[in-house]
Amino acid sequence: MKTGPATATNGQPTRPTRGLEELDASSRDLTLHNGARASVPVPEGKEAKISTEDLRVYFGKTRVLHGVNLAVVKGAVTAIIGPSGCGKSTYLRCLNRMHEITPGARVEGRILLDDQDIHGSWIDPVLVRRRVGMVFQKPNPFPTMSIRENVLAGITLNGLRATDTDGVVERRLRQVALWDEVKDNLGRSGSSLSGGQQQRLCIARALALEPEVLLMDEPCSALDPIATARVEELIHELKESYTIVIVTHNMQQAGRVADYTAFFYMGELVEFDRTDVIFTQPKESRTEDYITGRFG
Amino acid sequence: MNNYRYRRLIDLSIRGACIAAVVIAIVPLVLVLTYVTVQGLSGLNLDFFTQLPKPVGETGGGMANAIVGTLEIVALASAIGVPIGILAGVYLSEFGNNRLGKSVRFAADVMSGVPSITVGLFVYGIIVLRTRQFSAWAGAVALAVLMLPTVTRTSEELLRLVPDSLREAALGLGVPRWRATLKVVLRTAAPGIATGVMLAVARVAGETAPLLFTAFGNRFWSASINQPTASLPVQIYTYAVSPYDEWHRQAWTAALVLVVLVLLLNVSARWALHQRVRAS
Amino acid sequence: MDTLHSRLGPLRRSGRHGGDALFKGLTAAFAVLIIALLADMAFEMARTSRLSLAHFGWQFIRSTNWDPVRDQFGALPFIYGTVVSSLLALVLAVPISLGASIWLSEFAPGWLKTPIAFLIELLAAVPSVVYGLWGIFVLCPLLRNVVEPLLGKMFGSLPLFQGARQGFGMLAGGIILAIMITPTITSVSREVMKAVPNVLREGSFALGATRAEVVRMAVLPFARSGLVGAVILGLGRALGETMAITMVIGNRSEISASLFSPSYTMASVIANEFTEATGDLYLAALAEIGLLLFAVTVALNIVARLLVWRVARSPV
């Protein structure tokens, strides 16, 4: 057990992130901005794709994340749960620097993608986003583009060249199990599809750029149960080849799709562990309260 | 009960007065359009579109040069005014939530109220005086200045209607901001902006005052855009205030052509917008 | 898929944000161009009229003597003609526009709203010179032969309706302007009334008010400053309107109490004389009239926009 010692943020003492007691094999030790020591636990035998170290996020003068140390395991699904306003979406958006489009947003600490700090001043956020793709809460296919063009959007909009575009379209649509439904209507507008189909189209669009990581910000909250089930199935299949981080307010969903779950509360990472552990034997009372529905 | 009946009477008479106001407001439109159609049709023939104006005293002739001149000046004006207006609109909607944006917005609104004749004077000062030449492109600049505020504000409004989720989608695909704006945001708003542009073009196509001392006029074909150029509105004015009956007839026909041109642009733009609003 | 950037390798790139900064700068430049144009208009017109400003001073707007041959320039008749014709236009257009906009926003059945509003907007789409043409050949003869004799008979004792009946004159100018500013005032007023919250209307209805009473008690008080703004916008348009009024007002620089007699407006004198003006002072004097017109309309527009913005956040 190598969970970091108690850290003090902004003068107020915070409890250490709990979890991974048994799993922790190769945690990375680090020194926080206030001089305290901490570590980012990585499950045994696993590799961190992204790790955030002492991540603090500000909107203007308000701090909304108070030093998050978390490793996103490579080739697995990590769910981020927590009550609304706990900072889970903000955390997710920092992972590909999408927070930057919010005026006044500012990040301190480090976010390492394969050991490279993506917030370094010499890093182009645009390139980060090509490696770390994103799927949004509301399906947002480009309404002026056909289904086909939507799949290829990341390639064409970036001015990249792909040799076999038909192949890309078919492969990506098959990958999201949309091919059979739309293969005869690839020229139709993307917005003519149903909500669930649109969301799968958006996932295909993100995959076409061959990202290494896929961030999903409550991807099913605008979908009906059947469409939700299909997207969840899809997530299962995708984790073979991608690292996925999914924000959800639906704990059942986290239980169904995620290998690891992180519980955020009031801008802090309270607990991180294997999903089954979080849901059966949480170590923190706040986690337990939340997953048993006592608040949030 | 009497009190109620009295109030009811007042209500009815106010409604009546309002309906009367609507009718009075619309009567001139009907009258003008009827007269222009009836009077204009009598002089409408192929010559009108293919011939140059004839000297006083001779009958026949047409306004081919003025028709071409108007199209030329308006096309030039659009080429100048539309891109500037749209890009300024892009600034206002995408980056304009600051003091500069506010000032630009205000300046555009104020500018849309500046009399067209003073715009003519302005362009006379900055172009005609310097080039020592009335020219089609001086006229085009004047019209461009006139359409600029409308195009800017319409573009801004329509770009604002593009949902942020599309901006995020593009940025999330690793598309740089400028590409996302041009290829996604602008493209999504394009049909609406096209409507706005058409309305602005229709408005300036009928403008006379700003052309009087910029494009001036020409009884013949203009060899280039650096020469005085005839335009339908100016020609209508010149002919209308002349003492010759033949010219008056031609002025009516020219007015018919101009009105058809302008209203066609205007109505089709509105119709397109209406269809789109219904479709969405 | 190797053609794609499958493995991007290092995330750095040399010209980082270059495109974005350039794009923002470019659009900002065009946005600033609008402010610059407005400022340059003022500057340019002041420059062209420098000579006249220096030569005549305040006398320019007090003198009625406009004599290009002797290089004497006083703009009072034009100012008078502009102001009176515009006020006349307001007197005619405001009740009609307000009535029409009230009907459109409060009384009209849904299916009639759009077509009627559309027709009124078409009124604004007809080019000014076409109204002028119609004015010369239809309106002015009608005034001369029917309306002016009638007015003379009924109100002949008033100086307003005395004098030779020529058709071309202040009355014709006022009517033409009224026709042209009606759509402006109507559409802005309608916009303003649309912005009146429905709860205000419902409150009055709940008290048993008739529709007309709702308009008087709830709609008009709330919309008042916006409506004033609409009228001022109309006034601004009337002051600067050129072609139509030039064609019907008679273009004689005299000040007469009668609405029947010809007059001259600031915009008209520029339109008529600018290209023929010989002599620097003459040109400068005309430019100064333009400057005055510009200054007044800009001031009116600023006031009107502020008033309208206060009620309806949506810009008009």
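Since the structure is predicted, the reported quantities are computational estimates derived from the model, not experimental observations.

About the criteria used
- Residues numbered from 1 in each chain as written.
- Chains lettered and ligands numbered in written order.
- Predicted model: local features only at pLDDT ≥ 70, side-chain atom pairs only at ≥ 80, totals over all residues.
- Heavy atoms only, no water.
- Domains from an automatic or database assignment.
- Contact = heavy atoms within 4.5 Å.
- Buried area = accessible area lost by both parts, 1.4 Å probe.
- Polar contact = N/O pair within 3.5 Å; in protein donor to acceptor, adjacent residues only side chain to side chain.
- Nonpolar A, V, L, I, M, F, W, Y, C, P; charged D, E, K, R; others polar.
- pLDDT = per-residue confidence, 0-100.
- Helix = DSSP H or I, 4+ residues; strand = E, 2+ residues; numbered from the N terminus.
- Salt bridge = Lys/Arg side-chain N within 4 Å of Asp/Glu carboxyl O.
- Phe/Tyr/Trp six-rings, centres within 6.5 Å; stacked < 30°, edge-to-face > 60°.
- Buried < 20%, exposed > 50% of the residue type's maximum accessible area, 1.4 Å probe, protein only.
- Lys NZ or Arg CZ within 6 Å of the ring centre and 35° of its normal.

(A) Here's a closer look at the domain arrangement of chain B. Residues and elements named next belong to chain B. Domains assigned within chain B are domain 1 (2-42) and domain 2 (48-279). One C-alpha centre belongs to domain 1, the other to domain 2; they are set 32 Å apart. Counting residues at the interface gives seven residues for domain 1 and six residues for domain 2. Approximately 590 Å² of surface area, both sides summed, lies buried where domain 1 meets domain 2, with 82% of it carried by carbon and sulfur atoms. When residues of domain 1 are sorted by the area they lose upon contact with domain 2, Val36, Gln39 and Gly40 head the list and together hold 63% of the total. Where domain 1 packs against domain 2, one counts one residue pair in polar contact (both at pLDDT 80 or more). Residue classes in the side of domain 1 that touches domain 2 are distributed as four nonpolar, three polar and no charged.

(B) Quick peek at the confidence of the model for chain A. Residues and elements named next belong to chain A. The pLDDT averaged across chain A works out to 85; a share of 90% of its residues lies at or above 70. Across chain A, the secondary-structure element scoring lowest on mean pLDDT is strand β1 (residues 7-9), at 40, and the one scoring highest is strand β12 (residues 243-247), at 96. Taken as a whole, residues 1-15 scores under 50 in pLDDT and shows 36 contacts with residues more than four places along the chain or in a different chain.

(C) Focus on the interface of chain B and chain C. Facing 79 residues of chain B, the contacting portion of chain C comprises 78 residues. Both faces combined, the contact of chain B with chain C buries some 7100 Å², and carbon together with sulfur accounts for 82% of it. Remark: the boundary between chain B and chain C carries two salt bridges. If you look at where chain B meets chain C, you find eleven residue pairs in polar contact (both at pLDDT 80 or more). Sort the elements by how many residues they give to the side of chain B that touches chain C and helix α1 (residues 2-42) of chain B lands first, with 18 residues.

(D) A look at the packing of aromatic side chains. Inspection of every chain in the model, using the stated rule, returns 24 aromatic pairs over all chains. Ring centres 6.5 Å apart and planes at 90° place the aromatic pair Tyr124 of chain B and Phe213 of chain B in the edge-to-face group. Taken as a pair, Tyr124 of chain B in helix α5 (residues 116-131) and Phe213 of chain B in the loop between α9 (209-212) and α10 (232-240) lie far apart in primary sequence, 89 residues in all. Overall, the relative accessible area of 12% leaves Tyr124 of chain B in the buried class. On the basis of relative accessibility, which here comes to 0%, the residue Phe213 of chain B falls in the buried class. The rings of Phe56, Phe60, Trp66, Phe73, Phe78, Tyr264 and Tyr282 of chain C are connected pair by pair, giving a single aromatic cluster. Positioned over the ring face of Tyr58 of chain A is Arg106 of chain A, at 4.4 Å from the centre of the ring. The ring centre of Phe142 of chain A lies 4.5 Å from the NZ or CZ of Arg205 of chain A, which sits over that ring.

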